[in-house]
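# Residue-level structural notes
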Amino acid sequence: MFDIVPQLDCAGRVLRLDRPRVMGIVNVTPDSFSDGGAHADVEAAVAHGLRLAEEGADLLDVGGESTRPGAAAVTLDEELRRVVPVIERLARETSLPISVDTSKPEVMRAAVAAGAGMINDVYALRRDGALEAAATCGAAVVLMHMQGEPRTMQDAPAYDDVVADVHAFLAQRIFACEMAGIAKKQLVLDPGYGFGKTTDHNLLLLRQQTRLLDLGLPLLAGWSRKRSLGELTGREVGERVHASVAAAVLAAEYGARILRVHDVAATVDALKVQAAVAAMPAPKPA
Ligand SMILES: Nc1nc2ncc(COP(=O)(O)OP(=O)(O)O)nc2c(=O)[nH]1
């Protein structure tokens, strides 16, 4: 097995990675693809985060800007207004590590000052100032692969070998982080399901996800309620919990240590089964 990091220090709150962990999604947005507007104000977002903690989430991911194709860009002030008060309250009212889902360095800094211990960046710290912000924050960092930009990434995604391309991208981002003074043991890698990928790209990435493990870092997988699951099942976005749970279990089976999900209770139960079976001895080679 590769030297997977046994735990992450999220600003003093430890996220153990001895088994797959559940990251509950708290979107403080009016337009997120699956739950936009459901928890768009502080009180509703905090109540939702506390509910996910009750359901067994191991950490909470607070985001103030939708990354779905065609989403409206959010100004810095608006994103700060959305996420900082929610992070402050959740950091105070739960003992869970809190992650901020942002690509703006100013939001990273403010979120960590408010109590976030992890930066989840779908741009993998490629925006100006993001590497420096993450280096000074000292938080854990999720580096996610995306081909193109959210606005156009699904127009015509194309790869020679999607797994090799994602692997090379993540390796380069690890190098960039280390050059910026971010310790490798603080990093998490994410193939970026649905970010500039067709359903076949997403399925191949999942089936061969273990090819990313030789980078020696924990993997995060975010399939929850995504379009590919709708294509496979014919289900509308609000009806995709069963497919989302199946994808989360498969991602855990193929090496993911953090599963980013909307439906925490269902995923927690499913991963208990997956972890119990994974703890059993594998068949002896014939
Ligand atoms: N690391 C990581 N972060 C992510 N952030 C947002 C979304 C999109 O999902 P959601 O937050 O539900 O939708 P929206 O971006 O519309 O708010 N997916 C990922 C993901 O797969 N990995």
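Keep in mind the model is a prediction, meaning the values are calculated, not measured. (Residues numbered from 1 in each chain as written. Predicted model: local features only at pLDDT ≥ 70, side-chain atom pairs only at ≥ 80, totals over all residues. Heavy atoms only, no water.)

### A closer look at unusual backbone geometry
- We note that Leu125 has phi near 60°; this positive angle belongs to a residue other than glycine.
- For Leu125, the position within the fold is in the loop between strand 6 (118-121) and helix 4 (130-137).
- The exposure class of Leu125 is buried, given its relative accessible area of 1%.
- Here Arg225, not a glycine, exhibits a phi torsion of approximately 60°, which is positive.
- By secondary structure assignment, the location of Arg225 is in the loop between strand 9 (219-221) and helix 7 (227-233). (Helix = DSSP H or I, 4+ residues; strand = E, 2+ residues; numbered from the N terminus. Buried < 20%, exposed > 50% of the residue type's maximum accessible area, 1.4 Å probe, protein only.)

### Observations regarding the pattern of salt bridges
- In the structure shown here, the tally under the stated rule is 14 salt bridges.
- For Arg21, the salt bridge goes to Asp58, with nearest N and O atoms at 3.1 Å. Of this pair, Arg21 sits in strand 3 (residues 21-27) while Asp58 sits in the loop between helix 1 (42-54) and strand 4 (59-63); the two residues are 37 residues apart in sequence, bridging distant segments of the chain.
- Note that Lys104 is salt-bridged to Glu65, the shortest N-O span being 3.2 Å. Of this pair, Lys104 sits in the loop between strand 5 (98-101) and helix 3 (105-113) while Glu65 sits in the loop between strand 4 and helix 2 (76-93), and the two are 39 residues apart along the sequence.
- Using a relative accessible area of 12% as the deciding quantity, one classes Lys104 as buried.
- Within this structure, Arg16, Asp18, Arg21 and Asp58 form a network of salt bridges that share partners. (Salt bridge = Lys/Arg side-chain N within 4 Å of Asp/Glu carboxyl O.)

### What to know about the site of the ligand
- Taken together, 18 residues form the shell around the ligand, and within it Ser32, Ser66, Thr67, Asp190 and Lys226 come nearest.
- Asn27 places a side-chain nitrogen or oxygen 3.3 Å from an oxygen atom of the ligand.
- Interatomic distance of 2.6 Å between a side-chain N/O atom of Asp190 and a nitrogen atom of the ligand.
- Burial of the ligand by the surrounding chains reaches 99%, relative to a free accessible area of 470 Å².
- Counted by class, the shell around the ligand contains six nonpolar, seven polar and five charged residues. (Near = heavy atom within 4 Å. Polar contact = N/O pair within 3.5 Å; in protein donor to acceptor, adjacent residues only side chain to side chain. Areas by Shrake-Rupley, 256 points an atom, 1.4 Å probe, with all protein chains shown as cover. Nonpolar A, V, L, I, M, F, W, Y, C, P; charged D, E, K, R; others polar.)

### Some words on the packing of aromatic side chains
- The final tally for this structure, using the stated rule, is one aromatic pair.
- Summarising the aromatic geometry, the rings of Tyr193 and Trp223 are spaced 4.9 Å apart at their centres and angled 35° between planes, so their arrangement reads as tilted. Of this pair, Tyr193 sits in the loop between strand 8 (187-190) and helix 6 (199-207) while Trp223 sits in the loop between strand 9 and helix 7, and the two are 30 residues apart along the sequence. One exposure class covers both Tyr193 and Trp223, and it is buried.
- Residue placement shows Arg127 over the ring face of Tyr123; its charged tip is 4.4 Å from the ring centre. (Phe/Tyr/Trp six-rings, centres within 6.5 Å; stacked < 30°, edge-to-face > 60°. Lys NZ or Arg CZ within 6 Å of the ring centre and 35° of its normal.)

### Considering the side chain of Ser32
- By the secondary structure assignment, Ser32 is in the loop between strand 3 and helix 1.
- Within the structure, Ser32 has its side chain in polar contact with the side chain of Asn27 (distance 3.5 Å).
- There is a polar contact of 2.5 Å between the side chain of Ser32 and the side chain of Thr29.
- Among all residues touching Ser32, those that are not within four sequence positions of it are Asn27, Ser66 and Arg68. (Contact = heavy atoms within 4.5 Å.)

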